[in-house]
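Spelled out, the chains give:
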Amino acid sequence: MGAQVCKRCEGRLQSRDTESLQKVWAWLIAGIIAYIPANIYPMLLTSTLVERSESTIIGGVVELFEHGSWGIATIVFAASVMIPVGKFVAIIYLAISVQRRSNANQHERHKAYEVVEFIGRWSMIDVFVVAILSALVQLDTIATVNPGIAAVSFALSVIFTMLSAQAFDSRLIWDAARTQE
Amino acid sequence: MTMHTTPLDDLIACPQCDTLHVASALPDNVRAHCQQCGIVLVTSQPAAMARILSLALTAFIMMIAAVSFPFLTLDAGGLRNATSVIDAVLAFNDGYAFPLAVAVAFFIVVIPLMRLSALIYALGPLVREQKPRRGARKAFALAERLRPWSMAEIFVVGVTVALIKVAGLAAVTIGPAFWAFAGVVVITVLKDQLICRYSIWEALDKATN
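Counting restarts for each chain: residues are numbered from 1 in the order of the written sequence. By the order in which they are written, chains take letters starting at A while ligands take numbers starting at 1. At least 70 in pLDDT is required for a residue's local features to be given in this predicted model, at least 80 for side-chain atom pairs to be given and counted, and no such filter applies to totals for whole chains, interfaces and linings, which use all residues.

A. Region of interest: the overall build of chain B. In this description a helix means any DSSP run of H or I spanning at least four residues, a strand means any run of E spanning at least two, and both kinds are numbered starting from the N terminus. When its secondary structure is counted, chain B shows seven helices and seven strands. Radius of gyration (C-alpha) of chain B: 21 Å, far over the 17 Å computed for a compact globule of 209 residues. For the C-alpha atoms alone, the extent of chain B along its principal axes is close to 80 × 35 × 35 Å. Burial statistics for chain B: of 209 residues in total, 32% are counted as buried. For the purpose of contact definition, each residue receives a C-beta atom placed from its backbone, and two residues are in contact when these atoms lie within 7 Å. In chain B, once contacts between residues fewer than 6 apart in sequence are set aside, the share between residues at least 24 apart is 62%. Throughout, radius of gyration means the C-alpha value; the globule benchmark is 2.2 Å times the number of residues raised to the power 0.38. In this scheme the burial state of a residue depends on its C-beta neighbours within 10 Å: 20 or more other such atoms mean buried, 12 or fewer mean exposed, and anything in between means partly exposed; the C-beta positions come from the backbone.

B. Structural detail: helix α4 (residues 136–145) of chain B. Those residues of α4(B) not exposed but buried are Ala136(B), Arg137(B), Ala139(B), Phe140(B), Ala141(B) and Ala143(B). Looking at the buried positions of α4(B), the neighbouring elements they touch are α3 (98–127) and α7 (197–208) of chain B.

C. Inspection of the sheet that holds strand β6 (residues 79–83) of chain B at higher detail. Residue and element names in this part refer to chain B. Paired strands are those between which DSSP finds at least two bridges. The strand order across the open sheet formed by three strands is β6-β5-β7, and the pairing between neighbours is antiparallel. Strands at the two margins of the open sheet, each flanked by one partner only, are β6 and β7 (171–174). Neighbour-to-neighbour, the strand axes of this sheet turn through a mean angle of 15 degrees, independent of strand direction. Relative to β7, strand β5 (residues 72–76) is paired through four bridges, and the arrangement is antiparallel. Its bridge partner lying in β7, Leu74 is registered against Val172. Interaxial angle, 0 to 180 degrees, is taken between N-to-C directions of lines fitted to C-alpha atoms, where a helix line uses only the stretch in contact.

D. A look at the nonpolar core. The term nonpolar core refers to a set of buried Ala, Val, Leu, Ile, Met, Phe, Trp, Tyr and Cys residues connected through C-beta atoms within 7 Å. Phe128(A), Ala131(A), Ile132(A), Leu133(A), Ala151(A) and Ala155(A) are the most contacted members of the largest nonpolar core, which has 109 residues in total. No other element matches the 13 residues that α3(B) contributes to this core. Per-domain counts for this core show at least three residues from each of domain 1 (1–44) and domain 2 (47–208) of chain B. The split of the chain into domains comes from an automatic or database domain assignment.

E. Local environment of the interface of chain B and chain A. Across the boundary between the two partners, chain B contributes 42 residues, which contact 37 residues of chain A. Secondary-structure elements contributing two or more residues to the side of chain B that touches chain A are β5, β6, α2 (85–90), α3, α4, α5 (152–167) and α7 of chain B. When residues in the side of chain B that touches chain A are grouped by element, the largest group, ten residues, is from α5(B). Each residue gets one of three labels, nonpolar for Ala, Val, Leu, Ile, Met, Phe, Trp, Tyr, Cys and Pro, charged for Asp, Glu, Lys and Arg, and polar for the others, Gly among them. In the side of chain B that touches chain A, the residues fall into 29 nonpolar, seven polar and six charged.

F. Structural detail: the environment of Ala167(A). All names here are of chain A. Take Ala167: it is sitting in helix α6 (residues 149–167). Separated by 71 residues in sequence, Ala167 and Ile96 place their C-alpha atoms 15 Å apart. Excluding residues within four positions of it along the chain, Ala167 makes contact with Ser20, Lys23, Val24 and Trp27.

G. Molecular detail of the packing of helix α1 (residues 48–68) of chain B against α3(B). Residue and element names in this part refer to chain B. At a closest axis distance of 9 Å, the pairing of α1 and α3 adopts a crossing angle of 145 degrees. Viewed along their axes, α1 and α3 form a crossing whose handedness is left-handed. Residues Met49, Ala50, Ile52, Leu53, Ala56, Leu57, Ala59, Phe60, Met63 and Val67 of α1 pack against Val109, Pro112, Leu113, Leu116, Ser117, Leu119, Ile120, Leu123, Gly124, Leu126 and Val127 of α3. Of the residues assigned to the contact of α1 with α3, the class counts are 19 nonpolar, two polar and no charged. By the definition used in this description, the sense in which the near helix is turned from the far one sets the handedness, with an anticlockwise turn below a right angle giving left-handed and a clockwise turn giving right-handed.

H. Up close: the confidence of the model for chain A. One confidence number per residue, pLDDT, is output by the predictor and ranges from 0 to 100. Within chain A, residue pLDDT values average 86, and 97% of them lie at 70 or more. Element-level pLDDT for chain A is lowest in helix α7 (residues 171–180) of chain A, with a mean of 77, against a maximum mean of 93 in helix α1 (residues 20–40) of chain A.

I. Here's a closer look at the sheet that holds strand β2 (residues 52–55) of chain A. All names here are of chain A. A sheet is described by the order of its strands in space; here four strands give the open sequence β2-β1-β4-β3, paired in antiparallel fashion. Both edges of this open sheet fall to β2 and β3 (138–139), since each of them pairs with a single strand only. The pairing of β3 with strand β4 (residues 143–147) spans two bridges and is classified as antiparallel. Across the sheet, the residue bridging to Gln138 is Thr144, located in β4. Of the strands in this sheet, β1 (44–48) and β4 are in contact with helix α5 (residues 125–136), which crosses β4 at around 145 degrees.

J. Broad picture of the environment of Ile142(A). Of note, Ile142(A) is situated in the loop between β3 and β4. With 16 C-beta atoms packed within 10 Å, Ile142(A) lands in the partly exposed category. For the pair Ile142(A) and Gln166(A), spaced 24 residues apart in the sequence, the C-alpha separation amounts to 45 Å. When residues no more than four places from it in sequence are discounted, the contact partners of Ile142(A) are Thr48(A), Leu49(A), Ala76(B), Gly77(B) and Leu79(B).

K. Local environment of α1(A). All names here are of chain A. To estimate how far a helix should extend, the number of its residues minus one is multiplied by 1.5 Å. When the terminal C-alpha atoms of α1 are compared, their 31 Å separation across 21 residues agrees well with the 30 Å that a helix rising 1.5 Å per residue should span. Turning to α1, its buried residues number three or more, namely Val24, Trp27, Leu28, Gly31, Ala34, Tyr35 and Ala38. The buried side chains of α1 occupy one side of the element, clustering within an arc of 135 degrees when seen end-on. Exposed residues lying more than 90 degrees from the buried face of α1 are Gln22, Ile36 and Ile40. Arc, as used here, means the arc of the directions from the helix axis to the C-beta atoms.

Encoded structure:
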């Protein structure tokens, strides 16, 4: 053995990423920190002939509900609140269970990891909504929409948690059982 | 132990849980799953390579159309504003949000185009049964690594949400670029379902030797 590089794809070989959990925690904490201003500050700055208004993530969802767009409100709520928060909880659970060398629920934990990996990117929906609205609604005096600072911190939060999920070495879930035998 | 008699090249380690499997030739249109965690390890699809290449070429051309043609047009109170995909990217182009403009440009245009060109570069010679180009392995590895960062499909859902938000406020006309973009998304999904990393690496190996 002793090979350092994969002979097929030329990637560096490593049995386990020993710093996996450190990176997971670091990116996750950065993601949680960025998620706080994303909810406090406005996502969209709207000005029309009569009024200027600012809406936060939750404010935008409430507005959609009041408009009667239930389906869309649910999609935005799922993408901007349920998925990010669910992801924080899932990654914390996975990291802690690996640290405790837990031997239980491997299949469930693996499923949770797959779901987190797959679904995390979809949180970006709200950032793209802001991008399109700000580009489209630029009608001089009648109505203009501009992005708020929350769009930036929300995008950062999504990117950080994606990196956190990617840093997690899913093989660690199965290692406890292998070494205890 | 049979483990010792199996040559290293015939073993597959599951990329997600590291369980070792002995690779065997699969009949056509069959999927091999990991025994431990259940993810798909190998799919055997005849002619997948040619299909992947043609879908990648189609998506590439449609992506060029999607960035060049008008995307959406808004009419309200005698004023009109036409938006392209590039304008959507540049929406964040003021001061503090500039890095976000760059990120959005990468997520919805640059990374999808990079993935498509890397695939076309790596698989093109294989389909014509020639030797792989230099760096074909690196290109394919890059295309796979970038997969989670290619967010064209999420952008399309975002656009739909935005359209519904604006619908009450003004009249929106959907331009040809919107349909081109939606096409890119559908074709990319079809293409990614056809990609079996194991088979493509095998093919790259065979073509090199």
